[in-house]
Amino acid sequence: MAQSLELLLIQFLMPDNDARRQAEDQIKRLAKDPQVIPALVHHLRTAKTPNVRQLSAVLLRKKITGHWAKLSPQLRQLVKHSLIESITLEHSPPVRRASANVVALILFSSLTETIGNSFQPHFADLQSLLLKCLQDETSNRVRVAALKAVGSFLECTHDGAEVVKFREFIPSILNVSRQCLASGEEDVAVIAFEIFDELIESPAPLLGESVKAIVQFSLEVCSSQNLETSTRHQAIQIISWLAKYKSNTLKKHKLVIPILQVICPLLAEASENDNDDDLAPDRAAAEVIDTMALNLSKHVFPPVFEFSSLSSQSVNPKFREASVTALGVISEGCLELMKNKLEPVLQIVLGALRDPEQMVRGAASFALGQFAEYLQPEIVSHYESVLPCILNALEDASDEVKEKSYYALAAFCENMGEEILPFVDPLMIKLLSALQNSPRHLQETCMSAIGSVASAAERSFIPYAERVLELMKIFMVLTKDEDLRSRARATELVGIIAMSVGRMRMEPILPPFIEASIAGFGLEFSELREYTHGFFSNIAEILDDGFAQYLPHVVPLAVSSCHLDDGSAVDIDESEDENVNGFDGVSSDDEAHDEPRVRNISIRTGVLDEKAAATQALGLFALHTKSSFAPYLEESLKILVRHSTYFHEDVRLQAITSLKRRANEGNRSLRIYKFICTDTVMNIYIKTMTEDDDKEVVAQACMSISDFIKDNGYMAIESYIVRLVEATMILLREESACQQTESDGEIDDDDTEHDEVLMDAVSDLLPAFAKSMGSQFAPIFENMFGPLMKFAKASRPPPDRTMVVACLAEVAQHMGAPIAGYIDVAVMPLVLKELLSSVATNRRNAAFCVGELCKNGGDSVLKYYGDVLRSLYPLFGDSEPDNAVRDNAAGAVARMIMVHPESIPLNQVIPVFLKVLPLKEDREESAAVYS
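Cut-offs and rules
Residues numbered from 1 in each chain as written. Predicted model: local features only at pLDDT ≥ 70, side-chain atom pairs only at ≥ 80, totals over all residues. Heavy atoms only, no water. Helix = DSSP H or I, 4+ residues; strand = E, 2+ residues; numbered from the N terminus. Buried < 20%, exposed > 50% of the residue type's maximum accessible area, 1.4 Å probe, protein only. Contact = heavy atoms within 4.5 Å. Areas by Shrake-Rupley, 256 points an atom, 1.4 Å probe, with all protein chains shown as cover. UniProt positions renumbered as here; feature names shortened; annotations may be inferred. Core = buried A, V, L, I, M, F, W, Y, C linked by side-chain atoms within 4.5 Å. Phe/Tyr/Trp six-rings, centres within 6.5 Å; stacked < 30°, edge-to-face > 60°. Salt bridge = Lys/Arg side-chain N within 4 Å of Asp/Glu carboxyl O. Axes fitted to C-alpha atoms, helices over the stretch in contact; angles between N-to-C directions. Left-handed = near helix turned anticlockwise from the far one by under 90°. Nonpolar A, V, L, I, M, F, W, Y, C, P; charged D, E, K, R; others polar. pLDDT = per-residue confidence, 0-100.

Engineer: When you look at the overall build of the chain in this model, what are you seeing that I'm missing?
Structural biologist: From N to C terminus, the chain includes 47 helices and two strands. For the chain, with 931 residues in total, the buried portion stands at 56%. The contacts of the chain with a sequence gap of at least 6 include a subset with a gap of at least 24, amounting to 74%. As displayed, the chain offers around 40100 Å² of accessible surface, 50% of which is attributable to carbon and sulfur atoms.

This is the structure:
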């Protein structure tokens, strides 16, 4: 067969079309013979004509792909050894060796997905051969083919110890990629970035010193404007992955500043493409800076602030735009640092809001919106300077600036209280005018701004509610596709206004809004359905049990959204490769068939948002309608349990939150479900604490457990206490799935950045246990004390230390006398130091804590009374600007007087104590102070 097949292959390669067709038919017939594989292998190894070897490789690939398991062990062994031998060919003439190398490497690359695992016994030999081919000085084609083969081989290598060995490939990979870029082969050069991507995402410690070379190469590429946008984007993406997965490595090798010195100026790069091009360098650079800020905040803020300060003075408007864009982008990750520098930061942004260039004003509006979202509550205290600037921007000549200003206004007002009242009238005059006279896209952002004003103004919004609601009726009956987003925003706004004006004013006029919302479900627009679930949730909250009449209409809608296909679509091509449909255009590196069975992968995120909103709605319906929800409880519980392990964290978060409501409801009103609800929910929570990889979801699980314990007491959790304590310990030691950090480099325990919300939620579990168990919590707390105190080191940031102090205060309050054993160990010195903190929250928690320690610490605390009184004294004076701190200081002194009045110089203390009464802010101290 080998001889006849060779003749057919040669015939197929002839220019004569009739001869080609005749050869093709005969090759198809031969392809069904099992002996065709040895024949193809023979020609792959021995054919003198490169084209014959090439075609043999393509046919061999088609014969093997998808059918490897069906081959006999002898044939599989033959193919493997032939491939390795073809890659080697050390004693062949250079030209023939290079040609054979290339064909074998390409075949190897295309088959790794099918037969990669079977190469594991030859791993060391293959690595050595691939490295040698990467370094081949005689043929660029061999080096390029080897680069592709390394990428394919790495994808099928899953053993951490084996993956680590690829570290020595990095210099050669960089060398080949640079050569490819120099010769214009960008499509080949980017394979290096795909390889680095695999290495970076691996949990194994892979990069070592090579990270510096990878970063340098990536920065060279992303700053080269003569390269394709997609190539530069891949380079920028590598920096982003490093910041996300190997942040400690970047710190260790002092690469943060060099990276930002290149990436920040990319924000000012003018894009020739459409502004919405996600590959544009300026947009990609913003994503990198955001990722770096989230993972390396204290290393990122100083250089970015320096860049922004200098660029804000530039004559180039693109750099002025970049200066405020950078500040907006880092505001989430660097929020604590920016709060401390809010004055100079705002000076830059508010100045940019008055810039003559539209692009700069637009970026400034965006930055203000980001500040309003992330720099709370400090940003609100600057409302007198910020709101007038936003008001002016609402009348900007540019629609883009207006749109971003509405966004800024919405984010800013959302967190305001009574401070907004003087601004409500001027704001609503402008917003109502804009709502009636603007294009659709501006009307949508305008509605968001009105919603935030209504939410902040509460009952003070009543004078404007009727007019806004009448306008919303118009939007809520729109049916054209291009108007449905506006309809969605209007539906959301009606729900927000309902919350502000209350049940009495809203209930009589609800029916047309309810009807319009239900009708909107038939329009097949996911965002509209999402906002409709939010609308019904708000209405359930204001009507409470009065919402029961709508349950038969709205619960099926929520359930239908929960049952939607999540939108993950993978189309599989199941056609057999046995019958090769012609060979026209076949070449040795034809990659169109590398993965022939996967056509399309997509995720419709709109459906995820809809599911999250529907999941939340089911929980709120149950909470507010109580026993009226009984007919729907069983089905909704099944949905929540299923969604608690959903692939997207937003849906899991809402499921975890709603399950708490289900468990409590099961205990109170629907006794038949008591056991099933509690058991199901607690098992899900415990599993979530240690196994879920999203910190917000885990935090919500911890908060739900705390609330459940407080509501139901120790008896409800007694059978779960061992597992709950174990899960809490794992979180305190930062060893859960959501707390996993990179393995590269050395991790400085004091410098590890964690999610503040998560650890606050974890630390709240300890007081919940203590409250339910009393002094019986002591043996458990003994094991938790060490991991907790790790967060109280002097090197830790103020939020960490005050988290520990607040936790200790509440544990002392509920556990009682056993806290005495910790007074001398570390607790009292920590608390006394925190009383002197420059941060008001820290002083407040320390004052509360020292009072509880004195109340519950017995005689062991008496020796500290003098130090405590001296440390508390400044908190009573005019130099203390925070009323809540002063109230807690009064509470501490009151507790000291109650337990040991003989140890207090009452004639000196009482006048100072009485001077700060009545309490101004923290009413929870009333019981201690006034008793």
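We are not done yet, so read on.
Engineer: Can you help me understand the UniProt feature "repeat: HEAT" (unreviewed entry) in the chain in this one?
Structural biologist: Look at the UniProt record and you will see "repeat: HEAT" (unreviewed entry) annotated at residues 345–383 and 386–421. The span residues 386–421 is 67% helical and 0% strand by assignment, and the distance between its end C-alpha atoms comes to 15 Å.

Engineer: Would you mind going over the nonpolar core with me for this structure?
Structural biologist: Here is a general trend for soluble globular proteins: nonpolar side chains tend to be buried in one another's company. Within the largest apolar cluster, 164 residues are counted, with the highest numbers of intra-cluster contacts made by F196, F371, F461 and F621. If one sorts the elements of this core by residue count, helix α26 (residues 440–457) sits on top with nine residues. Those residues within four positions of F621 in sequence are excluded, and the remaining contacts are F536, S537, A540, F547, L551, V554, V555, A558, K626 and F629. Core analysis: the next-biggest nonpolar cluster, separate from the first, contains 97 residues, A778, V831, V893 and A894 among them.

Engineer: I would appreciate a short explanation of the packing of aromatic side chains in the present structure.
Structural biologist: The geometry of two aromatic rings is summed up by the distance between their centres and the angle between their planes. On inspection of all chains with the given rule, the structure shows 15 aromatic pairs. Each ring, one from Y646 and one from F647, has its centre 4.9 Å from the other, and the planes form 35°; the classification is tilted. Y646 gets classed as buried once you look at its relative accessible area, which sits at 9%. Judged by relative accessible area, which is 40%, F647 ranks as partly exposed. Note on F769 and F777: the rings are 6.2 Å apart at their centroids and 35° apart in plane angle, and the pair reads as tilted. In this structure F777 comes out as buried when scored by relative accessible area, which is 0%. In textbook terms, an aromatic cluster arises when at least three aromatic residues are bridged by ring pairs, as seen for F769, F777, F781, F785 and Y822.

Engineer: Mind showing me how you'd approach the pattern of salt bridges here?
Structural biologist: Oppositely charged side chains can pair when the atoms bearing their charge come close. For the coordinates displayed, the defined rule picks out 31 salt bridges. The closest approach of N and O atoms between K687 and E691, which form a salt bridge, is 3.1 Å. You can see K687 and its partner E691 sitting in helix α36 (residues 674–691), four residues apart, about one turn around the helix. For R733, the salt bridge is made with E735, and the minimal N-O distance between the two is 3.1 Å. Judged by its relative accessible area of 36%, R733 is partly exposed. In the salt-bridge network here, residues are joined through shared partners; they are E336, K339 and E378.

Engineer: Sorry if this is basic, but what is going on with the packing of helix α30 (residues 511–520) against helix α31 (residues 526–543) here?
Structural biologist: Axes are the key here: two packed helices are described by the angle between their axes and the distance separating the axes. Look at α30 against α31: their axes get within 9 Å of each other, and the N-to-C directions meet at 150°. The crossing of α30 and α31 is left-handed. The residues of α31 that touch α30, namely those facing F513, I514, S517, I518 and G520, are L528, T532, F535, F536 and I539. For the contact of α30 with α31, the per-class residue count stands at seven nonpolar, three polar and no charged.

Engineer: Just checking my understanding: could you explain the environment of R487 for this structure?
Structural biologist: Topologically, R487 is positioned in helix α28 (residues 484–501). A sequence separation of 43 residues divides R487 from E444, and the C-alpha atoms of the two residues are 8.7 Å apart. Not counting the four nearest positions on each side in its chain, R487 is found in contact with F475, M476, V477, L478, T479, A516, A519, G520, L523 and L528.

Engineer: What should I look at first to understand the confidence of the model for the chain in this one?
Structural biologist: Detailed reading of the predicted coordinates is not advisable wherever pLDDT is low. Scored by pLDDT, the chain comes out at a mean of 81, with 75% of its residues at no less than 70. Scored below 50 in pLDDT, residues 568–604 shows 60 contacts in the model against residues more than four places distant or in partner chains. Segment residues 666–673 is flagged for pLDDT under 50; beyond a separation of four residues in sequence, or across chains, it makes 14 contacts in the model.

Engineer: In this structure, what is going on with the environment of R642? I would like to understand it.
Structural biologist: Within the secondary structure layout, R642 lies in helix α34 (residues 630–643). In sequence terms R642 and A655 are 13 residues apart; their C-alpha atoms lie 8.5 Å from each other. R642 has contacts with C562 and H563, leaving out every residue within four places of it along the chain.

Engineer: In this structure, what is going on with the side chain of T325? I would like to understand it.
Structural biologist: Positionally, T325 belongs in helix α19 (residues 317–330). Apart from residues lying up to four places away in sequence, T325 is in contact with L267, A363 and F366.

Engineer: Mind showing me how you'd approach unusual backbone geometry here?
Structural biologist: Of all residues except glycine, most have a negative phi; of all peptide bonds, most are trans. The peptide bond linking Q376 to P377 adopts the cis configuration, its omega dihedral lying at 0°. Looking at where P377 falls in the secondary structure, it is placed in the loop between α22 (358–374) and α23 (383–393). Residue L917 is joined to P918 through a cis peptide bond whose omega torsion reads 0°. Position of P918 among the secondary structure elements: in the loop between α46 (906–915) and α47 (926–930). Phi at D544 is positive, roughly 55°, even though this residue is not glycine. Structurally, D544 is set in the loop between α31 and α32 (551–562). By relative accessible area, D544 is classed as partly exposed at 28%.

Engineer: What's the story with the side chain of H533 in this structure? I'm lost.
Structural biologist: Counting through the fold element by element, H533 comes out in helix α31. Residue H533 is classed as buried on the basis of its relative accessible area, which comes to 1%. Beyond its immediate sequence surroundings of up to four residues, H533 is in contact with F521, L557, A558, S561, E610, A613, A614 and A617.

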